[in-house]
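# Commentary on secondary and tertiary structure
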Amino acid sequence: MSEVKDNLVKNVAVAVEAARLTDEEINRREKVSRYRRPGWRDKVAGEMGELAVKAGQKIVDSEKEAVTDPLTGLYNRRMFDAILDAEVKATRRGMASKEIIKQAPMTLALIDIDDFKNINDTFGHPAGDELLKNTAKLFRDVFRESDVLVRMGGDEFAVIMPRTRVTESIVVLERLQEAVQEHLRDKEVTLSVGLCDVGHGIKTGEDLYRLTDGYLDKAKKAGKNTIWHPLRDAAGGLKEYIG
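The structure presented is a predicted model; accordingly, all values stated were derived computationally and were not measured.

Analysis parameters
Residues numbered from 1 in each chain as written. Predicted model: local features only at pLDDT ≥ 70, side-chain atom pairs only at ≥ 80, totals over all residues. Heavy atoms only, no water. Phe/Tyr/Trp six-rings, centres within 6.5 Å; stacked < 30°, edge-to-face > 60°. Helix = DSSP H or I, 4+ residues; strand = E, 2+ residues; numbered from the N terminus. Lys NZ or Arg CZ within 6 Å of the ring centre and 35° of its normal. Pairing = 2+ DSSP bridges. Contact = heavy atoms within 4.5 Å. Axes fitted to C-alpha atoms, helices over the stretch in contact; angles between N-to-C directions.

### So, the packing of aromatic side chains
Scanning the model with the defined rule gives three aromatic pairs in all. Ring geometry for Phe 139 and Phe 157: centres 5.0 Å apart, planes at 35°, overall tilted. Of this pair, Phe 139 sits in helix 7 (residues 125-142) while Phe 157 is found in strand 3 (residues 156-162), placing the two residues 18 residues apart along the sequence. Every member of this aromatic cluster is reached through a ring pair, and the members are Phe 139, Phe 143 and Phe 157. Across from the ring centre of Tyr 209, 4.7 Å away, lies the NZ or CZ of Arg 77, which sits over that ring.

### Overview of the sheet that holds strand 5 (residues 227-228)
Taken in spatial order, the five strands line up as 2-3-1-4-5 in an open sheet, and their pairing is mixed. The open sheet is flanked by strand 2 (148-153) and strand 5, the only strands paired with a single partner. Examined bridge by bridge, strand 2 and strand 3 share five bridges and lie antiparallel to one another. Of the residues in strand 3, the one forming a bridge with Gly 153 is Glu 156. Against the sheet, helix 9 (residues 205-221) touches strand 1 (106-113), strand 2, strand 3, strand 4 (191-197) and strand 5, its axis set at about 145° to strand 4.

In structure tokens:
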């Protein structure tokens, strides 16, 4: 997460530097009579400063578009992959210290809107898009600012929850399910959720994703509108999905 923000800052700095008025440009303008009035240097510097800010903002906007889902405003799959892998690696480093791992676990939730195709078929695709946007709004209302909210594509969402235990995640996800059923009850919306934390058998973000996706599949097969997680699956499922 911070790495991406750092890249944005660097890109803005490059834009500012590229647009900065050089000594050669000042010397060139100094020969033009209309720039010889008092204060001309400050005026030119101000003009170039505005150009630099605009150039920097364009880069920030383009970077944001590259990692944001245009419909919901949540992060997209590209951003998800980068952040998840970084978070898993950071958590694994912490696992070297028992004290750290106790204080800073991390969980991933994969969330599907149940029977979304039926909603699209019944109410139309514009209504389906509106439902996705309203669902994303509920995500923002329920989760913390430190949680990473993602639209993976279609009707699938993901939430990366740093420093959060499975039991704590379950409480928040149940709150999300209740909010969806209350605020989107006209379309009888429910959510199926797969949830998992970083265990000793997980080495990469892809490992965690595959395992959590397996739990999501079990949630759907269990009748939907449910949360499936390691505490419900005593066998762990790790060998089955990661091997």
